[in-house]
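Coordinate analysis (summary)
The primary structure of each chain is shown beneath.
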Amino acid sequence: MNIVIFGPPGAGKGTQSKFIVQKYNLHQLSTGDLLRNEIKNKTALGNEISSIMNSGELVSDKIVGKLIEQFISNDIFKNKIIFDGYPRTILQAKNLDNVLEKYNQKIDIVLKLSVSLETVKKRIFERQSQENRADDNEKIAIKRYQTYEKSSKPVIDYYQKSKLLRVINGEVSISEINTEISGIIEGIKG
Ligand code: AMP
């Protein structure tokens, strides 16, 4: 099973991905984590993307496309991926379908976590003190939320058309979201 988890920054994508990974024995592919690693390791790519990431903008489709293909092409992860933070644009959504098809795979479900800007601000404020992420401050959080609002609409429409989309209320507690997601996954596992 391959799952896409979708939502604005601070929606709980990372937390819920980790829960799904443990419960269903999947692998988390977080493009944000992969990109942050490049910056931490001071690679050429890391230097190229750090200012973009720190300003709350999106890194190019081409760069993230390469990262996800490296992951998808690895047999260890075949049909066991939860995509956390990818796709974020319509081009990425189409690219994901193409790359998965190339490796005889597909997406089984898209989970969209819905949260308000107010909640995002509150959660990012909490995360800032725990994780010390360079892009987690209120101004950048608002920018990232706006970036999401702008680019996510066509992606949501795309998955709605393919009937893969499930919308989840991301305002409730972590365990309530866990329960709802488990119900959806159990439903498609049959
Ligand atoms: P995240 O950890 O998913 O919130 O991502 C943090 C930052 O990494 C984003 O604000 C973007 O700058 C970059 N990023 C992560 N995933 C993508 C993606 N799929 N496309 C473009 N940029 C991305």
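See the structure shown above.
The structure displayed is predicted, hence computed values, not measured ones.

The rules behind each value
Residues numbered from 1 in each chain as written. Predicted model: local features only at pLDDT ≥ 70, side-chain atom pairs only at ≥ 80, totals over all residues. Heavy atoms only, no water. Helix = DSSP H or I, 4+ residues; strand = E, 2+ residues; numbered from the N terminus. Rg over C-alpha atoms; globule rule 2.2 N^0.38 Å. Buried < 20%, exposed > 50% of the residue type's maximum accessible area, 1.4 Å probe, protein only. Core = buried A, V, L, I, M, F, W, Y, C linked by side-chain atoms within 4.5 Å. Polar contact = N/O pair within 3.5 Å; in protein donor to acceptor, adjacent residues only side chain to side chain. Contact = heavy atoms within 4.5 Å. 1 Å grid on protein atoms, 1.4 Å probe; cavity = no way out; pocket = protein on both sides within 12 Å on 5 of 7 lines; lining within 4 Å. Points joined across faces, edges and corners; volume = space filled by probe spheres on them. Nonpolar A, V, L, I, M, F, W, Y, C, P; charged D, E, K, R; others polar. Near = heavy atom within 4 Å. Areas by Shrake-Rupley, 256 points an atom, 1.4 Å probe, with all protein chains shown as cover. Expected span 1.5 Å × (residues − 1). Arc of directions from axis to C-beta. Axes fitted to C-alpha atoms, helices over the stretch in contact; angles between N-to-C directions. Parallel < 35°, antiparallel > 145°, perpendicular 65-115°, else oblique. Left-handed = near helix turned anticlockwise from the far one by under 90°.

Before going further, it helps to spend a moment on the overall build of the protein chain. Scanning the protein chain from N- to C-terminus turns up 8 helices and 5 strands. When the helices and strands of the protein chain are placed in sequence order, the string is β-α-β-α-α-α-β-α-β-α-α-β-α. By the compact-globule yardstick of 16 Å for 190 residues, the protein chain fits well, its C-alpha radius of gyration being 16 Å. Each principal axis of the C-alpha atoms in the protein chain carries an extent, and together these give about 45 × 35 × 30 Å. Counting over 190 residues, the protein chain shows a buried share of 44%.

Further remarks concern the nonpolar core. One finds Leu96 and Tyr159 to be the most contacted residues of the largest nonpolar core, which totals 29 residues. At the level of elements, strand E1 (3–6), helix H3 (44–54), helix H4 (61–72), strand E3 (81–84), helix H5 (90–102) and helix H7 (138–161) are the ones that each hand at least two residues to this core. Among the nonpolar cores identified, the runner-up in size contains 21 residues, and Ile3, Phe19, Ile109 and Val115 belong to it.

Within the secondary structure layout, Thr147 lies in helix H7. On the basis of relative accessibility, which here comes to 9%, the residue Thr147 falls in the buried class. Only 3.1 Å separates the side chain of Thr147 from the backbone oxygen of Gly56, close enough to count as a polar contact. Contact partners of Thr147, with chain neighbours within four places excluded, come to Gly56 and Leu58.

The subject of this paragraph is empty space enclosed by the protein. The gaps left among the atoms become clear once a water-sized probe is rolled over them. Scanning the entire structure with this criterion turns up 1 cavity of 30 Å³ or more. Volume-wise, the largest cavity comes out at about 50 Å³. Along its surface, the largest cavity is lined by Ile5, Phe6, Gly7, Lys13, Gly85, Tyr86, Pro87, Arg88 and Tyr148. Of the residues assigned to the lining of the largest cavity, the class counts are 5 nonpolar, 2 polar and 2 charged.

Quick look at the site of the ligand now. If you check the shell around the ligand, you find 16 residues, and the closest are Thr31, Glu57, Gly85, Gln92 and Arg144. Note that an oxygen atom of the ligand is positioned 3.0 Å from one of the side-chain N or O atoms of Arg36. Arg88 places a side-chain nitrogen or oxygen 2.9 Å from a nitrogen atom of the ligand. Here the ligand, which alone exposes 480 Å², has 96% of that area covered by the protein. Ranked by the residues each element gives to the shell around the ligand, the list is headed by helix H2 (residues 31–40), at 4 residues. Among the residues forming the shell around the ligand, the class breakdown is 6 nonpolar, 4 polar and 6 charged.

With 16 residues, helix H8 (residues 174–189) extends 22 Å between its outermost C-alpha atoms, agreeing within 8% with the 22 Å of an ideal straight helix rising 1.5 Å per residue. Buried residues of H8: Ile177, Asn178, Ile181, Ser182, Ile184 and Ile185, and no others. In an axial view of H8, the angular spread of the buried residues amounts to 165 degrees, which keeps them on one side of the axis. Residues of H8 that are exposed and angled more than 90 degrees away from the buried face: Thr179 and Gly187. The inward-facing, buried residues of H8 abut E1, helix H1 (13–24), strand E4 (109–114) and strand E5 (165–169). The first or second residue beyond H8 is Gly190, which carries a positive phi of 85 degrees.

Running from N to C, helix H6 (residues 117–131) and H7 cross one another at 135 degrees; their axes reach a closest spacing of 10 Å. Relative to H7, H6 is oriented oblique. The element H6 and its partner H7 pack so that their crossing is right-handed. Between H6 and H7, the contacting residues are Leu117, Val120, Lys121, Ile124 and Arg127 on the first element and Glu138, Ala141, Ile142, Arg144 and Tyr145 on the second. Grouping the amino acids of the contact of H6 with H7 by side-chain chemistry returns 6 nonpolar, no polar and 4 charged.

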